[in-house]
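Architecture at a glance
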Amino acid sequence: VPQKTKMESRPFVRPEGGGSLGCGKVSLEKLAKKYGTPLYVDSADQIVERYRLFKAAFGERESLVCYAMKANSAQAILKLLADEGAGFDIVSGGELERVLRAAPEAAGRIVFSGVGKTAAEIDRALEVGILEFNVESADELELLAQRAKKAKKVARFALRVNPDVLAATHPYISTGLKEHKFGVSIKEALELYKSTVGNKWLEAHGVSVHIGSQITEATPFGAAMQRIAALVKQLERAGIKLKSVDAGGGLGIDYEKDGFDVAGRVASFVAAITEALTDFDGRVMIEPGRFLVAQAGALVTRVVRVKKNGRKSFVVVDAAMTELIRPALYEAYHEIQPVAAPRAEKIKVDVVGPVCESGDFLAQDRKLPVVEAGELLAVLDAGAYGMAQSSNYNSRLKVAEVLVQGNKERLIRRRETMDDLLATEIL
Ligand code: LLP
């Protein structure tokens, strides 16, 4: 178990004695000046640090940490994690191609999740030899068998089991109940595994589960894993010996405050999983997304103007729901800080973007230090499901992204141009 650390949970800090916010030692003012705004800034150091915390928590136990790349699929981040030995949890043919371009050497460490895999996606994944298909239905298993036979390749599969446990999170990101579209019931899984015995194109390789996202307690992960462990035993009795158990992702961060016990939370998550699997001697896999990248990232935005409507004050910024849709979609809270040393005077405001939707807000009724037009704000904990869920709505151009490592930064995604935006259209 790693030592309890007092590390800040965010890499965005001010120099001692106050002053302007940096990503580590790299000034956000400077980055905004150099690359323009809105701008995503990610800390490579924190991403690597988080990855190593998971690995350390597993200790001697054979493990594979598969980054759920949907959280932020920038190729530079994929490469960073692949170099650490990470695997990847993918959910589409597009994500597969990204890994193959950024880190082809990691193809054998890919697990493929998702309820809607098509024949073409399965064919490509078989061709490049991914580690495991996380199969979510009887129909998909049948299709996988057909495609594997056609390609004359053995498909390693895990059934994604729905453990029917409730985890406290937003309903849109909860997945582990029987009424959700994901996975198959434990009962059905047992029958499906048995049905593949003797099929030389299918290898019952593992079992997988994912109960939801932004779960900050270890208990539901442990409860789900107990049920999986019981299934693994039942399968063993039936002569089916699995090589891996994939516990999924879902570990949450604290959006509301800085400085929770990051290492401790990772340790209890991993302990809840491994303790349920003491009788299983195969490999344990996990699929963290948010926990690896959320706090490493900030969205830096410039105040366009400050306006008042009646009693209400608005800070209009150049970022919008197109760059960070989480507040609009999940009523998510993201801390916002002025980049420059904050003024003492605070006022209650809505921080809104220029998009023509009332849902276009980054914060509502938020007490913030007074800011003026031209100043910079940093929207924190935006590294997961920020850039990745961004859109071109209102013909807004996708923003640039920089990766900070040590005292240096590099551009990992240039700002989109109008020509990029129109390239696929036919007039
Ligand atoms: N594995 C599977 C099968 C998943 O569906 C997900 C996330 C993960 C792993 C990674 O979960 P994480 O460790 O990031 O919680 N857009 C939402 C989150 C959606 C999560 C979807 N599945 C948000 O912004 O909160």
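Read on for a plain summary of the structure. Remember, it's a predicted structure, so these values are computed and weren't measured experimentally. (Residues numbered from 1 in each chain as written. Predicted model: local features only at pLDDT ≥ 70, side-chain atom pairs only at ≥ 80, totals over all residues. Heavy atoms only, no water.)

The helix and strand tally for the chain stands at 12 helices and 20 strands. Against the compact-globule benchmark of 22 Å for 427 residues, the chain has a radius of gyration of 23 Å, which places it among compact chains. Principal-axis analysis of the C-alpha atoms gives the chain an extent of 70 × 60 × 40 Å. Out of the 427 residues in the chain, the part that is buried amounts to 55%. A sequence separation of at least 24 residues applies to 72% of the contacts in the chain between residues at least 6 apart. A total accessible area of about 18,800 Å² is found for the chain, and carbon and sulfur atoms account for 50% of it. Taken together, the 59 basic and 56 acidic charged side chains of the chain have centroids lying 1 Å from each other. (Helix = DSSP H or I, 4+ residues; strand = E, 2+ residues; numbered from the N terminus. Rg over C-alpha atoms; globule rule 2.2 N^0.38 Å. Buried < 20%, exposed > 50% of the residue type's maximum accessible area, 1.4 Å probe, protein only. Contact = heavy atoms within 4.5 Å. Areas by Shrake-Rupley, 256 points an atom, 1.4 Å probe, with all protein chains shown as cover. Lys, Arg positive; Asp, Glu negative; His and termini not counted. Charge placed at Lys NZ, Arg CZ, Asp CG, Glu CD.)

Moving on, we get to the packing of helix α2 (residues 44–58) against helix α3 (residues 75–84). One way to put it is that α2 packs onto α3 with a least axis distance of 10 Å and a crossing angle of 40°. Crossing of α2 over α3 shows right-handed handedness. Contacts between α2 and α3 involve Ala44, Ile47, Val48, Tyr51 and Arg52 from the first element and Ile77, Leu80, Leu81 and Glu84 from the second. Here the contact of α2 with α3 is composed, by residue class, of 7 nonpolar, no polar and 2 charged. (Axes fitted to C-alpha atoms, helices over the stretch in contact; angles between N-to-C directions. Left-handed = near helix turned anticlockwise from the far one by under 90°. Nonpolar A, V, L, I, M, F, W, Y, C, P; charged D, E, K, R; others polar.)

Moving on: the pairing of strand β8 (residues 132–135). Burial along β8 is two-sided: the residues Glu132 and Asn134 and Phe133 and Val135 are all buried. Summarising the sheet, strand β7 (residues 110–112) and β8 pair through 2 bridges and their orientation is parallel. Opposite Phe112, over in β8, you have Phe133 as the bridge partner. Note that the unit made of β7, helix α5 (residues 119–128) and β8 has a crossover that is right-handed. Strand direction decides the pairing type here: β8 and strand β9 (residues 155–160), joined by 3 bridges, are parallel. By the bridge assignment, Phe133 is partnered in β9 with Phe157. With helix α6 (residues 138–151) bridging β8 and its parallel neighbour β9, the resulting β-α-β unit is right-handed. (Pairing = 2+ DSSP bridges. Right-handed = clockwise from strand over helix to strand, strands pointing away.)

Under the 1.5 Å per step criterion, the end-to-end length of helix α8 (residues 219–237) is 27 Å for 19 residues, consistent within 8% with the ideal 27 Å. In this fold, the buried residues of α8 make contact with α7 (186–195), β10 (202–208), β11 (244–246) and α9 (262–276). Looking one or two residues beyond α8, the residue adopting positive phi is Gly239, at roughly 85°. (Expected span 1.5 Å × (residues − 1).)

Glancing now at unusual backbone geometry. Look at the link from Thr37 to Pro38: it is a cis peptide, with omega at -10°. Mapped onto the elements, Pro38 comes out in the loop between α1 (28–35) and β4 (39–43). Its identity is not glycine, yet Asp365 carries a phi of approximately 45°, on the positive side. Locating Asp365 in the fold gives a position in strand β17 (residues 361–369).

All right, on to the sheet that holds strand β1 (residues 12–13) then. The strand order across the open sheet formed by 3 strands is β1-β2-β3, and the pairing between neighbours is antiparallel. Two strands close off the open sheet at either side, each with one partner strand: β1 and β3 (26–27). Of the strand pairs in this sheet, strand β2 (residues 22–23) and β3 are connected by 2 bridges, and their pairing is antiparallel. Bridging across to β3, Gly22 finds its partner in Ser27.

With the rule as written, the count across this model stands at 7 aromatic pairs. Note on Phe54 and Phe291: the rings are 5.7 Å apart at their centroids and 80° apart in plane angle, and the pair reads as edge-to-face. One end of the pair, Phe54, is in helix α2; the other, Phe291, is in helix α10 (residues 290–293), with 237 residues separating them in the sequence. Phe291 shares its class with Phe54; the two are buried. Three or more aromatic residues link up through ring pairs in this structure, and these residues are Phe54, Phe221, Phe260, Phe269 and Phe291. It is Arg50 that lies over the ring of Phe291; its NZ or CZ is 4.9 Å from the centre. Over the face of the ring belonging to Phe112 we find Lys117, whose NZ or CZ atom lies 5.5 Å from the ring centre. (Phe/Tyr/Trp six-rings, centres within 6.5 Å; stacked < 30°, edge-to-face > 60°. Lys NZ or Arg CZ within 6 Å of the ring centre and 35° of its normal.)

Those residues of α3 not exposed but buried are Ala76, Ile77, Leu78, Leu80, Leu81 and Ala82. Looking one or two residues past α3, Gly85 carries a phi angle of roughly 105°, positive in sign.

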